[in-house]
Amino acid sequence: MTEKHSLMDASARVALAAYLHDLGKLAERARLEVSQDDLDTHVQMYCPRHEKAGKQWYTHKHAAYTALAFNVIEEHLPALKGADFFPFASCSSRDADDSLVNAAAKHHKPENFLQWVIATADRVASGFERDSFEQYNNSEDKTETGRNHYQARQLSLLEAIRIHNDDNKILSGKDLKYRQPLRSLTPENLFPQPREQAECDDDKKAQQEYRDIWNTFLKDLELIPESHRYNLALWLDHFDTLWRIHTHAIPSATAFNVKPDVSLYDHSRTTAALATALWRYHHERDHDRNAAAANMKSGSDWSEEKFLLVQGDFFGIQNFIFAGDSDASHKNAARLLRGRSLYVSLLAEAAALKVMDALDLPATSQILNAAGKFLIVAPNTPATIEALQQTQKHINAWFLEHTYAQSGLGLAWIPASCQQFVSRKGQGGFRDLIKALFASLERAKYQSFDLLGENAPSPVFTNYLAQVGEAGGLCQYTGWGPGTHPDKDGDKRISTLAKDQIQIGDFISGKRERLAITRHPLSTDNNSLRLPIFGYHLHFTNNEEATGRFGREASNGNLRRLIDFSLADSTIPTAWHGYARRNINGYVPIFNQEDINNNWRYADIKEEESSKLGALKTLNHLACEDLRLNPESQDQKKVIGIQALGILKGDVDNLGAIFQKGLEDPTFARMAGLSRQMDSFFSSYLPWLCQQKYPNTYTVFAGGDDFFLIGPWYSLIRLALELRAQFQNYCANNPDLHFSAGIALAKPGLPIPQLARMTEDALEKAKKNKNSVHLLGETLSWQALEELLAASDNLQKQARDLKLSTGFIYSLLELSNMATDTKNPESALWRSRLNYRLWRHLQRRDVKDNLNIDPREIHRELMLAIGANGIAKHGKNYRVAVTTHLYLNRN
């Protein structure tokens, strides 16, 4: 173990064994075909045996299937045997006690050190006390829902969240009405179904669903490039995506009468991370393996702080994305905005990789990575802490040099023992560890760049003015730093960082959907970013057929990550192409043939911004997308409506409370699952929804618990309403889970930072009420917005059929204000004024002569629709319906 890379290899082997310890759960439920003799032999080797009243039986037979399933998939795995397979013995024989397969499969019957490492990690991930696990080991395969392990379907973690549980009611599995469908991962399959639809009483039918997943998993495993098997850490990153796709909805635990609410994916990943850190803790401290195994078996060391939980958080995201005064009408604005948003994800990805490379940990040690935040499980050793301190200095130096401290990324870490991961209802246990994690990260935000430390940076940037002068001025896209290059048109100075960000926007629209991260530059590549990030070189590439598999770079260790960030396609069952996936590429609108055919919308846009098939739409184009041809005009090209952008920002309400007290029985795997499920809605489903139904929407960012979108104003309001409805469906209609949003309307010429401030202000107003939306000067409940948009639709029909004048409709704004004015006595007359104006309008000759029914009947209907159900019900908020109608029909 003298070479640094060998420690990474050894850690990756431990991670692989722990990751696949429950491979047999999928194989057994799929009824993997094996001979009875083989099955009996493996059951005796790997499964707990029990005796009572002269009878013997075995439980947890999935452990035997783990070993059997290794035989099936071994040809597609990295080599499991060889001269150097430390810390395991060669897998050439299944009799090798220290083999990787035995370590994985003996987690219910551990005997030696490596087997106890994985068994302990398995228990810690599940939040088991040692005694509780012994009861679990002796239990039958039956869930709290009354279903056996074939029939049980995974509960929705989101349905069980309670943050307003005043009566302290404990929800059983039978109380929960929804289940996750047992299907491979797609944006649509993320949503839970009523339990009657998802579950069945027929074992054979239930097994067939597992068999379908197993068979697809085996087929998809072959797609990981063979050349990448020689780089185990890289291969693990690919495999993690494959395992997530096929096991995200498989319940992990189905014994001991548990709630089946943790996925096999989340349990596998957290177990792998904990096992890797646990092995490294004992290995780096040179502990006696037999003594360590004995302590893990007895539980005498469960209070020893063996783990270090490392968090990263990108602070100043808003400053980073919306920096500078570049107005939205500039043709680079859209590309710059999208490029900056993706750059935030790249910075978080590179920072997490930097930490894991510094600690020699594989990708499976990273539990969370969303919205600029990540969580890594590391061994609690002096070497780990020293490496983290050096990594933080390296990250700080990059941000100081390239962003001038306008943003940064902080690391925070806390030690933890096995005992602190124990699940306890109420207070204590893992719940306290979650609170400590939140507190440590909050402290890190106020200690950015270590300004009070011994190695604090200088408060004045050396030679800053000289550098700006030599470059020919400031970067005009960020407002700070030297403008080292001329931009594409030669009329502005631009920094290397901003130039890379614009280039990313070009790469995305050019269908470059893979990202290679390397230690050294690729000599023949011309799709690379100019600026290395924390020492890594980033290259955007096309699909595999166009650019190959990077086999040589994978084999020699230069390739650290190869990431597929293509958007999900509704025409294929899963977005799997053999590589690790990250949901970092939000949807961006491009011109299609229908846009070209209807280019009358863009008549006012400058010629140099003219539409081209497949080109990225500018914000000017988006502002025109809600224009319509006037059906009543003699001029066939006469358009109506306003040219305006809608800017939508929202986030989940009470997020801290959701994670700190929302789960009745929190565990490490449950927390990981909750974070993943929350992120998946915004990072996976939202871009897919835009692609399918709202194709003129820019996803500036979407992930974690928040989102920021830009699009045509009316379409964006409709999108916000649908997004809220779909989020309720996604959360199994849990009333405790909701988000608030702010929507601002603006002309595309406003500076981007001003657009961001307007929307942030709108969101803050919505947050005061929560579960609300603020737009057009009013804060509304989502139900009220839905009703007001319906009222606007009705007003549209009434205006067309009854020739309501624009002056009459404008008068409704005044009447809406009067309806809620309790100080002025005259305001009480709003209803009589509406009554008079409606009747007077209906008596006009050009209106009355075209009525097919009694004007009095129409008058009553209008007084009900506009008066009682409109102004009286919504008061001044009815202005939203009126304003929406006016904007849609403005000449």
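Calculation rules
- Residues numbered from 1 in each chain as written.
- Predicted model: local features only at pLDDT ≥ 70, side-chain atom pairs only at ≥ 80, totals over all residues.
- Heavy atoms only, no water.
- Helix = DSSP H or I, 4+ residues; strand = E, 2+ residues; numbered from the N terminus.
- Buried < 20%, exposed > 50% of the residue type's maximum accessible area, 1.4 Å probe, protein only.
- Contact = heavy atoms within 4.5 Å.
- Areas by Shrake-Rupley, 256 points an atom, 1.4 Å probe, with all protein chains shown as cover.
- Axes fitted to C-alpha atoms, helices over the stretch in contact; angles between N-to-C directions.
- Parallel < 35°, antiparallel > 145°, perpendicular 65-115°, else oblique.
- Left-handed = near helix turned anticlockwise from the far one by under 90°.
- Nonpolar A, V, L, I, M, F, W, Y, C, P; charged D, E, K, R; others polar.
- Pairing = 2+ DSSP bridges.
- pLDDT = per-residue confidence, 0-100.
- Core = buried A, V, L, I, M, F, W, Y, C linked by side-chain atoms within 4.5 Å.
- Salt bridge = Lys/Arg side-chain N within 4 Å of Asp/Glu carboxyl O.
- Phe/Tyr/Trp six-rings, centres within 6.5 Å; stacked < 30°, edge-to-face > 60°.
- Lys NZ or Arg CZ within 6 Å of the ring centre and 35° of its normal.
- Expected span 1.5 Å × (residues − 1).
- Polar contact = N/O pair within 3.5 Å; in protein donor to acceptor, adjacent residues only side chain to side chain.

From N to C terminus, the chain includes 32 helices and 22 strands. Evaluated residue by residue, the chain yields a buried proportion of 59% over its 891 residues. A sequence separation of at least 24 residues applies to 71% of the contacts in the chain between residues at least 6 apart. If you sum the accessible surface of the chain, you get close to 36100 Å²; carbon and sulfur atoms cover 47% of it.

Turning our attention to the packing of helix α6 (residues 113-126) against helix α11 (residues 264-284). Packing of α6 against α11 brings their axes to within 8 Å, and their N-to-C directions diverge by 130°. Between α6 and α11, the angle falls in the class oblique. The element α6 and its partner α11 pack so that their crossing is right-handed. On α11, the residues touching F113, L114, V117, I118, T120, A121, D122, V124, A125 and S126 of α6 are H267, T270, T271, L274, A275, L278, W279 and H282. Across the contact of α6 with α11, the residue classes break down as 11 nonpolar, 6 polar and 1 charged.

The 4 strands lie next to each other as β12-β11-β13-β14, forming an open sheet whose pairing is mixed. On the outer flanks of this sheet lie β12 (537-541) and β14 (580-581), each paired with one strand and no other. The pairing of strand β13 (residues 559-564) with β14 spans 2 bridges and is classified as parallel. Residue pairing in the sheet places D564 in a bridge with R581 of β14. Helix α10 (residues 232-247) contacts β13 and β14 of the sheet and is inclined by roughly 25° relative to β13. Those strands touched by helix α14 (residues 333-359) are β11 (514-518), β12 and β13, and its axis lies near 145° from that of β13.

Turning next to the confidence of the model for the chain. Overall, the predicted model of the chain reaches an average pLDDT of 89, with 90% of residues at or above 70. For residues 1-5, every residue scores under 50 in pLDDT, and the model assigns this stretch 8 contacts once sequence neighbours within four places are set aside.

Moving on: the packing of helix α28 (residues 806-819) against helix α32 (residues 878-889). Interhelical geometry of α28 versus α32 gives an angle of 160° and a closest axis separation of 9 Å. Taken together, α28 and α32 sit at an angle that is classed as roughly antiparallel. Read as a crossing pair, α28 and α32 show a hand that is left-handed. Seen from α28, the contacting residues are T806, I809, Y810, L812, L813, S816 and N817; seen from α32, they are Y878, R879, V882, T883, H885 and L886.

Counting buried positions along strand β20 (residues 739-746) yields 7 of 8 residues, so the element is predominantly enclosed. As paired strands, β20 and strand β21 (residues 772-775) are joined by 2 bridges and run parallel to one another. Looking at the pairing, A741 lines up with V773 of β21.

This next bit is on the environment of A383. When you line up the elements, A383 lands in helix α15 (residues 382-403). For the pair A383 and A358, spaced 25 residues apart in the sequence, the C-alpha separation amounts to 9.9 Å.

Our next topic: the nonpolar core. Core analysis: the largest hydrophobic core is formed by 172 residues, its most contacted members being W214, F239, F421, L812, L834 and Y878. Among the elements that take part in this core, helix α24 (residues 668-693) stands out by supplying 12 residues, more than any other. When residues no more than four places from it in sequence are discounted, the contact partners of F239 are Y19, L20, F217, L221 and I224. One finds L308, L361, I563 and A744 within the second-largest nonpolar core, a separate group that totals 70 residues.

The next thing to look at is the pattern of salt bridges. Enumeration over the complete set of coordinates arrives at 44 salt bridges. Residue K306 pairs with D301 through a salt bridge whose shortest N-O separation is 2.3 Å. Each of the two residues, K306 as well as D301, counts as buried. Of the charged contacts, one joins R856 and D854 as a salt bridge, the two residues approaching to 2.9 Å between their closest N and O atoms. We classify R856 as exposed; its relative accessible area is 51%. Salt bridges sharing common partners tie together R147, R179, E199 and D201.

This part covers the sheet that holds β20. Across the sheet, which stays open at both edges, the 6 strands sit in the order β18-β19-β17-β20-β21-β22 with mixed pairing between neighbours. Where the open sheet ends on each side, the last strands, each with one partner, are β18 (698-703) and β22 (778-781). In this sheet, adjacent strand axes meet at a mean angle of 15° when their direction is disregarded. Bridge count for strand β17 (residues 645-652) against strand β19 (residues 706-712) is 7 bridges, and the pairing is antiparallel. Across the sheet, the residue bridging to G650 is F707, located in β19. Across the sheet, helix α25 (residues 713-730) touches β17, β19, β20 and β21, and the angle it forms with β19 is around 145°. Contacts from helix α27 (residues 782-802) reach β20, β21 and β22 within the one sheet, and its direction differs from that of β22 by about 100°.

Taken as a whole, this structure holds 41 aromatic pairs when the rule is applied. Here W398 and F534 contribute two aromatic rings whose centre-to-centre distance is 5.4 Å and whose plane-to-plane angle is 70°, an arrangement assigned as edge-to-face. With a gap of 136 residues between them, W398 in helix α15 and F534 in the loop between β11 and β12 connect regions that are remote in the sequence. The class of F534 is buried, set by a relative accessible area of 1%. Three or more aromatic residues link up through ring pairs in this structure, and these residues are F191, F681, F682, Y685, W688, F707, F727, Y730, F739 and W782. For K492, the ring lying beneath its charged end belongs to Y477, and the centroid distance is 5.4 Å.

What follows covers α28. Look at α28: 21 Å from first C-alpha to last across 14 residues, which is about the 20 Å you get at 1.5 Å a residue. Turning to α28, its buried residues are F808, I809, S811, L812, L813, L815, S816 and M818. Close packing links the buried residues of α28 with α27, α29 (830-842), α31 (855-874) and α32.

Next up on the list: the pairing of β11. For β11, the buried fraction is high: 5 of the 5 residues fall into the buried class. Neither face of β11 is exposed, since R514, A516 and T518 on one face and L515 and I517 on the opposite face are all buried. In terms of strand pairing, β11 meets β12 through 5 bridges, oriented antiparallel. Residue pairing for β12: R514 is matched across the bridge by T541.

The next thing to look at is the side chain of H42. Checked against the element boundaries, H42 lands in helix α3 (residues 36-46). Judged by its relative accessible area of 11%, H42 is buried. Here the side chain of H42 touches D38 through a polar contact of 2.8 Å, landing on its backbone oxygen. Among residues more than four places away in sequence, those in contact with H42 are C47, A64, A67 and L68.

Helix length check: α11 (21 residues) gives 30 Å between terminal C-alpha atoms against 30 Å at 1.5 Å per residue, within 8%. The buried fraction of α11 is high, at 19 of 21 residues. Positive backbone phi, approximately 55°, marks D286, located one or two places after α11.

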